Amino acid sequence: MDTISENLSHIRQRIARAALRSGRNPEAVEIVGVTKTVSADRVEAAVKAGLRILGENYVQESFEKIEALASYGISWHFIGRLQSNKAKYAVRLFDLIHSVHSEKLAREIDRQAKKYDRVQPVLIQVNTGGESSKTGVPPEDTVDLVRRVSRLENISIRGLMTLPPFFDAPDRVRPFFRALHDLKKQVKDAGIDNVSMESLSMGMTGDFEVAVEEGATLVRIGTAIFGERP
Ligand SMILES: *Cc1c(COP(=O)(O)O)cnc(C)c1O
């Protein structure tokens, strides 16, 4: 086995153990392989090892990889900061956009999706740590944003995403994951039409097990699959 496939099987085991520890079904958790800076060849090795969802941060960087791997039936997710002027590409290329943080961006995605006659699945990105360096809606404004975006016809909200503050100790990130899970419950309780809360995108290389314990359904993992980025 090559390293990438070994890495993947090790990650799958760790996810399964974390899920079982917290009374969850391991199959409820999917890996989004984060491919920023990773060449199409190496991404292909991961796909051959069974990875089926890939996450890109930059529209520009994704074109070549999406084309190179077109025959595999990959689900491509956009996980980076999306500028409104790139929404037209994002809508064409990605099955799920994790990073909708404002009504303005949502309106642009909706407008572009209409042109392609499709309904774009998205997650609402929440800034659980309140850091000024990160995008995302403040937790207290999340239900309101979900309500406003839910009225757009060519967008479908599928859940929430967060990029919490960085800590060396994964356990210190737990409150932020728990906060996202609580928000999911709040949104559900609000009973807003045209909104599903099936997905919680949280957890990366350093903290994905804690995220799984707190209810993640999508873990976004780069380094643990492909090694350190340059
Ligand atoms: C880079 C990135 C990841 C993956 O980070 P790793 O620590 O390499 O697993 C996950 N989510 C987002 C939004 C990222 O930009």
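Residues numbered from 1 in each chain as written. Predicted model: local features only at pLDDT ≥ 70, side-chain atom pairs only at ≥ 80, totals over all residues. Heavy atoms only, no water.

### Considerations on the site of the ligand
Stage number 1. All residues adjacent to the ligand are Val34, Lys36, Asn57, Ile79, Leu163, Met204, Thr205, Arg220, Ile221, Gly222, Thr223 and Arg229.
Stage number 2. One of the side-chain nitrogen or oxygen atoms of Lys36 is found 2.6 Å away from an oxygen atom of the ligand.
Stage number 3. Between the ligand and the protein, one listed contact pairs a nitrogen atom with a side-chain N or O atom of Arg220 at 2.9 Å.
Stage number 4. When the ligand is considered free in solution it has 390 Å² of accessible area, and contact with the protein chains removes 88% of it.
Stage number 5. Among the detected pockets, the ligand sits in the largest pocket.
Stage number 6. Per-class residue counts for the shell around the ligand are 5 nonpolar, 4 polar and 3 charged. (Near = heavy atom within 4 Å. Polar contact = N/O pair within 3.5 Å; in protein donor to acceptor, adjacent residues only side chain to side chain. Areas by Shrake-Rupley, 256 points an atom, 1.4 Å probe, with all protein chains shown as cover. 1 Å grid on protein atoms, 1.4 Å probe; cavity = no way out; pocket = protein on both sides within 12 Å on 5 of 7 lines; lining within 4 Å. Sits in = over half its atoms within 2 Å of the grid points. Nonpolar A, V, L, I, M, F, W, Y, C, P; charged D, E, K, R; others polar.)

### Remarks on the layout of surface pockets
Stage number 1. As a volume, the largest pocket reaches approximately 700 Å³.
Stage number 2. Residue composition of the lining of the largest pocket, by class: 15 nonpolar, 11 polar and 8 charged.
Stage number 3. Residue lining of the second largest pocket: Arg12, Ile15, Ala16, Pro26, Glu27, Val29, Glu30, Ile31, Gly50, Leu51, Arg52 and Ile53, and that is the complete set.
Stage number 4. Contributions of two or more residues to the lining of the second largest pocket are made by helix H1 (3-21) and strand S1 (30-34). (Points joined across faces, edges and corners; volume = space filled by probe spheres on them. Helix = DSSP H or I, 4+ residues; strand = E, 2+ residues; numbered from the N terminus.)

### Here we look at the environment of Ala90
Stage number 1. Tracing the backbone shows Ala90 in helix H4 (residues 87-93).
Stage number 2. Given the relative accessible area of 0%, Ala90 is considered buried.
Stage number 3. The spacing of Ala90 and Tyr58 is 32 residues in sequence and 9.5 Å in space, taken between C-alpha atoms.
Stage number 4. Residues within four places of Ala90 in sequence aside, it is in contact with Leu82, Ile97 and Gln120. (Buried < 20%, exposed > 50% of the residue type's maximum accessible area, 1.4 Å probe, protein only. Contact = heavy atoms within 4.5 Å.)

None of the figures reported here should be taken as evidence of function without further support.
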